[in-house]
Amino acid sequence: QFPPRGKVLVPCSSPHLSTLSHHDVLARAHELKTTTSLTVLTVRHCANVGGDGARAFADALTVNSSLRELDLSVCSVGMDGAFALGDALKVNASLESLSLPGNGLGDGFYALANALRVNTKLRSLNVANNNVTACAASALADALVDNSSLTKLDIAGNNNLGKLTPRRIAGALANNVLVSINMDSTCIGDDGALAFAAALQTNSSLTSLSLRNNKLRASALCAIAAALEKNSSLLSLDVSSNRGFGEVGTVSTFARALTRNSVLMRLDMSSSTGIDGSSVCHLADALRTNSSLVSLGLRRNDLCTHHVRPFLAALGQNQSLTCLDIRDNTTWPHGHITTIDSAVLARISVLLQRNKVPFRALRTARHMFIAWPTVPALVV
């Protein structure tokens, strides 16, 4: 979560918070030119950074050799600041993580994408919610073909990427470099999802993929599910808030994939209108034989007690699931609000508590940027 607005967080043995004025921002950027001890700098929700502050940080990055992570989330960096940071990335050889969500980068993202052609150090780039244009996104797709260092990309919330860019980003997975991709709310369309499905069949590097809220239809979702039967690297998949789950056969295709996939640890199908009792039965049956899934998200799917009961029998045989998210599931038959019976929830919770996540699986998940519940949990 974000620190308080207008604050800077300098991680150390005892993190220190201080209010930043425009003068403070420029002073902190100037310090980066000489310091050799600071490795992480986080400034979030601070409008006093702006384009001037971003340019000052960029100037410092051209000479700094110690900073590993820079977070300027929601700091009004703008197009000019993005161009300056892009130029800095071409010469900086230490920065491994750059977070710039919510900064109105627009076409300025072109400079950052272009820098990825020559930068060999950056591992993580977050440019979510930045009104990235199709032209700038196209430059990113081109850069990913040549880049051999970037492993984590978050481009969520940029819904003007164009029709070709998502497909080209999916094509970059052939390099087997990217480990985590977040394409939430980017209007990738069914064609873009089909491209990711095709890439997953042969890719061996990607461990986390999020395609939430992209209005994907059944054909695209089923293709992704089918790809899971062949993929042996993906640990986390988020396909929540997509309309195709209401069509016949979609959920059963994912259920079949779970019986054949032995690596996927997290699957989120929340807010997917159309997941009903028969669909849940397919998922529950799959859990009887699946031995890898740790977390299953079914939040906001209008499930009632009758729909959830199949999990009781399934969890009697399953030994891996530790988190079942069924929050905000209520139905309104005959005008009356119906929630899931507390006795059923209690029995499911007991079964989840029995299961334990293998230490090796937890260690792998943390290494691959995925956060897991530390204790078994039924989330209601």
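Residues numbered from 1 in each chain as written. Predicted model: local features only at pLDDT ≥ 70, side-chain atom pairs only at ≥ 80, totals over all residues. Heavy atoms only, no water.

1. Some words on the confidence of the model for the chain
And step 1. Model confidence for the chain is summarised by a mean pLDDT of 87, while 86% of its residues fall at 70 or above.
And step 2. Note on residues 1-18: pLDDT under 50 across the span, and 42 contacts to partners over four residues away in sequence or across chains.
And step 3. Below a pLDDT of 50 lies the segment residues 366-374, which in the model reaches 22 contacts outside its immediate sequence neighbourhood of four places, other chains included. (pLDDT = per-residue confidence, 0-100. Contact = heavy atoms within 4.5 Å.)

2. Overview of the packing of aromatic side chains
And step 1. Per the stated rule, a full pass over the model turns up one aromatic pair.
And step 2. On the basis of an interplanar angle of 40 degrees and a centroid distance of 5.6 Å, the ring pair of Phe 245 and Phe 254 is categorised as tilted. Each of the two residues, Phe 245 as well as Phe 254, counts as buried. (Phe/Tyr/Trp six-rings, centres within 6.5 Å; stacked < 30°, edge-to-face > 60°. Buried < 20%, exposed > 50% of the residue type's maximum accessible area, 1.4 Å probe, protein only.)

3. Considering the packing of helix 9 (residues 250-260) against helix 10 (residues 277-289)
And step 1. In the contact formed by helix 9 and helix 10, the axes pass within 8 Å of each other and the chain directions differ by 0 degrees. In terms of their interaxial angle, helix 9 and helix 10 are classed as roughly parallel. Mapping the contact onto sequence places Val 251, Ser 252, Ala 255, Leu 258 and Thr 259 in helix 9 and Ser 279, His 282, Leu 283, Ala 286 and Thr 289 in helix 10.
And step 2. Residue composition of the contact of helix 9 with helix 10, grouped by class: five nonpolar, five polar and no charged. (Axes fitted to C-alpha atoms, helices over the stretch in contact; angles between N-to-C directions. Helix = DSSP H or I, 4+ residues; strand = E, 2+ residues; numbered from the N terminus. Parallel < 35°, antiparallel > 145°, perpendicular 65-115°, else oblique. Nonpolar A, V, L, I, M, F, W, Y, C, P; charged D, E, K, R; others polar.)

4. Description of the packing of helix 5 (residues 134-146) against helix 6 (residues 164-171)
And step 1. As a packed pair, helix 5 and helix 6 sit with axes 9 Å apart at the nearest point and diverge in direction by 15 degrees. Here helix 5 is positioned roughly parallel relative to helix 6, judged by the angle of their axes. Crossing of helix 5 over helix 6 shows left-handed handedness. Side by side, helix 5 and helix 6 meet where Ala 134, Ala 137, Ser 138, Leu 140, Ala 141, Asp 142 and Leu 144 of the first sit next to Thr 165, Arg 168 and Ile 169 of the second. (Left-handed = near helix turned anticlockwise from the far one by under 90°.)

5. Regarding the pattern of salt bridges
And step 1. In this structure the tally under the stated criterion is 16 salt bridges.
And step 2. Arg 117 is the partner of Asp 146 in a salt bridge, and the nearest nitrogen-oxygen pair spans 3.1 Å. Here Arg 117 lies in the loop between helix 4 (109-115) and strand 6 (124-126) and Asp 146 lies in helix 5, a separation of 29 residues in the sequence.
And step 3. Put simply, Arg 299 and Asp 328 hold a salt bridge, and the shortest N to O gap is 2.6 Å. On the criterion of sequence distance, the pair formed by Arg 299 in the loop between strand 12 (295-297) and helix 11 (305-308) and Asp 328 in the loop between strand 13 (323-325) and strand 14 (330-331) is long-range, its members being 29 residues apart.
And step 4. Residue classification places Arg 299 among the partly exposed residues on the basis of a relative accessible area of 21%.
And step 5. Through salt bridges that share partners, Arg 117, Asp 142, Asp 146 and Arg 168 make up one connected network. (Salt bridge = Lys/Arg side-chain N within 4 Å of Asp/Glu carboxyl O.)

6. Concerning the side chain of Asp 190
And step 1. Looking at the secondary structure, you find Asp 190 in helix 7 (residues 189-200).
And step 2. We classify Asp 190 as buried; its relative accessible area is 12%.
And step 3. Leave out the neighbours within four places in its chain, and Asp 190 touches Lys 215, Leu 216, Arg 217, Ser 219 and Ala 220.

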